[in-house]
Amino acid sequence: MTPTPDPLGLAAGPGCWLTGCATTPAVQWRRRHAIGADDIEAVFACPAHALTLDGAAHIHQPQCTVDPTRLPACGCTPEPLPAPVQVTAGPTPAATTAPGWATPPPTT
Ligand SMILES: [Zn+2]
Ligand SMILES: [Zn+2]
């Protein structure tokens, strides 16, 4: 048996970020790693120690350590959300004509 992939590590039972809090985490957000800005680590929180839904949607600064006195806000300025993906039709494939054929100029 190979273990089920568990990218969030939920099976390992991550605890709430607040040391000493034994409540099962229900919220997760992302925070940039201090070393290697491309690395993003997950922060888990139980409902009592979670950010707002809006705050959890952002990627937080490496130095973001949630201050219990500020909840449900954190002390950092999270990264802006990526622009919504625009769903547009792909480029129209260029019309190809067989050798020896020409496309007539548009008549206006
Ligand atoms: Zn907690
Ligand atoms: Zn933050």
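Use the structure listed above.
**Q** Please clarify how the coordination of the zinc ion (ligand 1) should be interpreted in this entry.
**A** In an ideal octahedron of six donors the angles at the metal are 90 or 180 degrees, and in an ideal tetrahedron of four donors they are 109.5 degrees. The protein atoms that coordinate the zinc ion (ligand 1) are Cys16 (SG), Cys21 (SG), Cys46 (SG) and His49 (ND1), at distances spanning 2.0 to 2.4 Å. Coordination at the zinc ion (ligand 1) is tetrahedral: its four donor atoms span angles of 97 to 115 degrees at the metal.

**Q** Where do I start with the sheet that holds strand E1 (residues 27-32) in this structure?
**A** Across the sheet, three strands lie side by side as E2-E1-E3; this open sheet has mixed pairing. Only two strands of the sheet have a single neighbouring strand rather than two, namely strand E2 (40-45) and strand E3 (59-60). With two bridges connecting them, E1 and E3 associate as parallel partners. When the sheet's bridge partners are listed, Arg31 is paired in E3 with His60.

**Q** Could you clarify how one ought to interpret the pattern of salt bridges in this entry?
**A** Pairing between side chains of opposite charge can happen when the charged atoms of each approach one another. Taken as a whole and judged by the stated rule, the model has three salt bridges. Salt-bridge contacts for Arg31 lead to Glu41; the nearest nitrogen and oxygen are separated by 3.1 Å. With Arg31 in strand E1 and Glu41 in strand E2, this pair connects stretches of sequence that are ten residues apart. On the accessibility criterion, Glu41 (26% relative accessible area) is partly exposed. In this structure, Asp67 engages Arg70 in a salt bridge whose closest nitrogen and oxygen atoms are separated by 3.8 Å. For Asp67, a relative accessible area of 27% translates into the label partly exposed.

What counts as what
Residues numbered from 1 in each chain as written. Chains lettered and ligands numbered in written order. Predicted model: local features only at pLDDT ≥ 70, side-chain atom pairs only at ≥ 80, totals over all residues. Heavy atoms only, no water. Donors = N, O, S within 2.8 Å, 3.2 Å for Na, K, Ca; no water. Tetrahedral: all angles 85-135°; square planar, octahedral: opposite > 155°, others 65-115°. Pairing = 2+ DSSP bridges. Helix = DSSP H or I, 4+ residues; strand = E, 2+ residues; numbered from the N terminus. Salt bridge = Lys/Arg side-chain N within 4 Å of Asp/Glu carboxyl O. Buried < 20%, exposed > 50% of the residue type's maximum accessible area, 1.4 Å probe, protein only.

From the geometry alone we can't say anything about function, so treat these as descriptive.
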